[in-house]
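# A look at the structure
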Amino acid sequence: MKSELEAEAAKDAELYDKMVCWCETNEKEKKKAIADAEAKIADLMAEIESRSAGFGKVATEIEALKDQIAKDSAALKKATAIREKAAAEFSEEEKDLVQTVTNLRNAIAVLAKHNGGSLLQLDAPLVSGLRVLLRNAALKREEWLAAHPDSKGQQQPAFLSLRGGAHRAADQVESALLSAADVNGAPVSDNYPLEFAERVVAERVKAPGAFLQQPRDADYKSYSSRSSEIYGVMTQMLEEFEASLSEAQKDEIKGAADYEALAGAKKEQIAVAKEKLDDMEGEHAANIKALSDAKEDIKLTRDQKSADTEFLRNLKVTCGDLDTQWERRSATRASEIVAVGETIAILTEDDNREALAKTSLMQTDSSSSAMARRKQAAEALRRAAQAPEFEADDLLAAWHGRKGASSVGVAAGPRARLSALAMTVQLDSFTKVKAMMDEMVAQLKKQQQEEVEFKAYCTKELNENEKAVYAKNQEKNELEAQIEKLEALLETLAKEIKEAKAQIAETQVEVKKASQAREEENAAFQSTVADQRATQTILKKALTRLEDYYVKGKGKKLVLAQQEPPVKFTAYKDHAGASPVMGLIEQIMEDSKKVESEATASETQAQADYESFVKDSTALIKQLDEAVGAKTKASATAESELAESKGDHEAAVGELESLAAYEADLHGECDFVLKNFDIRQSARLQEIESIQAAKAILSGAS
């Protein structure tokens, strides 16, 4: 027995060393893990704040860049549509001009074949075709002049003579052709289609004749020497249409070149903006992902920190009194070993051995009394087992054994233990029964003490859990209030930013309108001043002329004749109305100067008001821009704080769930003991007393 105790002591020492090592290692690791988690949380919070601050700014820049790309694309699309429309119009115009030039050249070439002879030689279909071509050319010319007003003042003398009706034809054919060349002339028959006329004239040009043996340019030059009006008109029309065609072609080339330059610049601008947009969107997406990862990481880190903190707290509870328990256990074990050693020494002495041998001879005589004591002790144990105080413990034992667990020994209920002990008293030897009784009493006392400690532990844990739940609920409520406040702030800031931007746009429109109105007012002022000064100049000249005559006396120097004629003029007198007229002119000049002065003063005041309005509007726009920037920054900060508060709120809710689960575990573990603590303590004490009484009976007590 002593050797067993010493082996158990050695095993306890080994277990103690392992537990100390385990406590120290885990405490060190968990403290380091908590410190690392706190540092990581601080870094993640800084990262979240930084990325959240840049989030709103980058999003605004991306939207602005998208708007700019859309505007540039729309401008390019509009310019392309305008260019395509202009190209289509030019194509139609060029086609008409080329056809008209061709028709005129063919007509001139046909007339050139007659070499100055009478036009009466032309057959009727050809004359009708020429009239249709000339009337079509005249109409085209009128349309071109209407589309180009600046060219109306460049009409050649031949057309001016047509307009004035001053032409006189050499014969009827020339008169008919001249009439067809004038849009106001006699109408041309609609029964002769233009396409048919073009074909008839073109075929006559290709017909064999003297004209075919001459270059067209030579024929064309020969017409200028002719005196017939029709050649002058047709020549002028041809030159004008050729000039119009050349001008239209040059304008088209210039328009196409301008469009290509504009389109190239816009396309390059759009490509650069799109490349920048792709880069910004990539960075923005990476920032969003990094922000999401940081928030998720900080949540996991906080959860791990909470778990490590809980583990460290439990570790301190477990390891806090380890040294004290070890000292007590070592002292108890040492005392037990000393007692066993001394007992062995007592039993192994020579005198004691002889006494024990004599005692064995007396055991046979006392067998009958032993049986009586056995029966008495068994009866006492059975009576004790029927006590009502053991009902709660029997129920607990039945609950623990609901899944087939063993219900024998100390794990069973007190009634089962006492009944089993009564059976053992009747069957086993006294020494073995007493040892069993001592062991049961020791175990019951240990259970009694453990239950006391377990109650204290349950009470402490439930109280701490209640405090922690209260604190976390307070924190959760504060975070919810903070989240609500931040969301309201974000909504207010967004509304104020939108209103400020709208006010900026409205102010810019008002400034633009004011600038246009100022330009119109200034133009009116310039016109008024010019008119008044011109009026003053004219009136001043008139007044000076009257003053030269009436005031300076230039009109009174009359030369008298040396000899009086039979009749003579009466004495000359100044006109009586001269002074009022001069006064009226002076009054008009004064009124004109007054109008000019008033206009100048109004213009000065209007310009000052305009400059003040523009200055105030610029200051207001600057103030609103600064407010938008500040509120955008505040919005980003609020978003960061909102994200942080939501993360803290989620963590608080998670901790509350953990605390609720832990509370449920505590109630499941502790409620029965706390409810039946006094009953169980009393029943266990009664059980101990019953066992001790049975032992006393076995030991020979009365």
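Keep in mind that what you see is a predicted model, and the values were worked out from it rather than measured. (Residues numbered from 1 in each chain as written. Predicted model: local features only at pLDDT ≥ 70, side-chain atom pairs only at ≥ 80, totals over all residues. Heavy atoms only, no water.)

Positionally, Ala138 belongs in helix H2 (residues 124–147). Counting along the chain gives 42 residues from Ala138 to Ala180, while the straight-line C-alpha distance between them is 7.9 Å. (Helix = DSSP H or I, 4+ residues; strand = E, 2+ residues; numbered from the N terminus.)

Turning our eyes to something else, we now look at the environment of Arg204. Along the chain, Arg204 falls in helix H5 (residues 194–206). A sequence separation of 95 residues divides Arg204 from Ala109, and the C-alpha atoms of the two residues are 9.0 Å apart. The contacts of Arg204, once residues within four sequence positions are left out, are Val110, Lys113, Asp123 and Leu126. (Contact = heavy atoms within 4.5 Å.)

As a further point, take the side chain of His649. Its place among the elements puts His649 in helix H14 (residues 578–675). With near-sequence residues (within four places) excluded, His649 lies in contact with Lys476, Leu479, Glu480 and Ile483.

A separate point is the packing of aromatic side chains. Counted according to the given criterion, the structure contains one aromatic pair. With 6.2 Å between their ring centres and 35° between their planes, Phe454 and Tyr457 make a pair best called tilted. Here Phe454 pairs with Tyr457, and both are found in helix H13 (residues 430–550), just three residues apart, close to one helical turn. It is Lys30 that lies over the ring of Phe311; its NZ or CZ is 5.0 Å from the centre. (Phe/Tyr/Trp six-rings, centres within 6.5 Å; stacked < 30°, edge-to-face > 60°. Lys NZ or Arg CZ within 6 Å of the ring centre and 35° of its normal.)

On to the pattern of salt bridges. Using the criterion set out here, one finds 26 salt bridges in the structure. For Asp648, the salt bridge goes to Arg302, with nearest N and O atoms at 2.5 Å. Taken together, the residues span a long stretch of sequence, with Asp648 in helix H14 and Arg302 in helix H7 (residues 229–320) at a distance of 346 residues. The residue Glu480 makes a salt bridge to Lys476 at a minimum N-O spacing of 3.0 Å. In this pair, Glu480 and Lys476 are both assigned in helix H13, four residues apart and thus about one turn of the helix distant. Residue classification places Glu480 among the partly exposed residues on the basis of a relative accessible area of 33%. (Salt bridge = Lys/Arg side-chain N within 4 Å of Asp/Glu carboxyl O. Buried < 20%, exposed > 50% of the residue type's maximum accessible area, 1.4 Å probe, protein only.)

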